Amino acid sequence: MISRNLGPEFGGAVGVLFYLANTFGTSLYTLGAIEILLTYISPQAALFGEIRGNPTVLYNNGRIYGTILLLLMTFVVFVGVKFVSYFATICLICVIIAVVSIYAGALDPRERGIICT
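Reading the values: rules and limits
- Residues numbered from 1 in each chain as written.
- Predicted model: local features only at pLDDT ≥ 70, side-chain atom pairs only at ≥ 80, totals over all residues.
- Heavy atoms only, no water.
- Core = buried A, V, L, I, M, F, W, Y, C linked by side-chain atoms within 4.5 Å.
- Buried < 20%, exposed > 50% of the residue type's maximum accessible area, 1.4 Å probe, protein only.
- Helix = DSSP H or I, 4+ residues; strand = E, 2+ residues; numbered from the N terminus.
- Contact = heavy atoms within 4.5 Å.
- pLDDT = per-residue confidence, 0-100.
- Patch = residues over 30% accessible without salt bridge, like charges linked within 9 Å, V, L, I, M, F, W, Y side chains within 5 Å.
- Areas by Shrake-Rupley, 256 points an atom, 1.4 Å probe, with all protein chains shown as cover.
- Salt bridge = Lys/Arg side-chain N within 4 Å of Asp/Glu carboxyl O.

S.K.: Is there a simple way to explain the nonpolar core in this structure?
M.R.: Where a protein is soluble and globular, its nonpolar side chains tend to be buried together. Among the nonpolar cores identified, the biggest contains seven residues, and these are Ile34, Leu38, Ala46, Ile51, Val57, Leu58 and Tyr65. Those elements giving two or more residues to this core turn out to be α2 (8-41) and α3 (55-79). Those residues in contact with Ile51 that lie beyond four places of it in its chain are Leu38, Ala46, Val57, Leu58 and Asn61.

S.K.: In this structure, what is going on with the confidence of the model for the protein chain? I would like to understand it.
M.R.: When pLDDT drops low, the exact placement of atoms in the prediction is not to be read closely. The predicted model of the protein chain has a mean per-residue pLDDT of 84, with 88% of residues at 70 or higher. Per-residue pLDDT, averaged within each element of the protein chain, yields its smallest value for helix α1 (residues 2-6) (67) and its largest for α3 (89).

S.K.: Looking at this structure, how should I read a nonpolar patch on the surface?
M.R.: A cluster of nonpolar side chains, contributed by Val16, Leu17, Tyr19, Leu20 and Phe24, occupies part of the molecular surface with about 550 Å² of accessible area. Relative to the helices and strands, Leu20 resides in helix α2.

Here it is in structure tokens:
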């Protein structure tokens with residue numbers, strides 16, 4: 001659409017920037033998901049030892065789990081949109097539960113402690 005309205009020069013430049021933004025965004029989202037998984041959700045899943053206080057262990061675990069997650073995402077892309085549409089309802093329910101849990105945590109009357117150390 002952009003290349004037809006503005007010409008192939010601008011359309012190509014915008015397309016390359018869009019591709020690069022998606023590529024870097026995917027890598028950062030993947031690394032962020034792995035870091036949250038290994039730091040807060042399941043620290044016992046670390047393959048190379050204790051993560052806290054040792055960034056090298058986190059990097060090595062990030063490489064292994066990041067590769068696994070990227071292979072999973074590649075499988076989803078190759079299977080196609082029909083496969084993704086089957087799980088759209090499940091993903092929507094997960095997002096709704098996450099948003100509701102944020103508000104439920106804010107209304108929790110218990111004593112507040114230090115969450116992230």
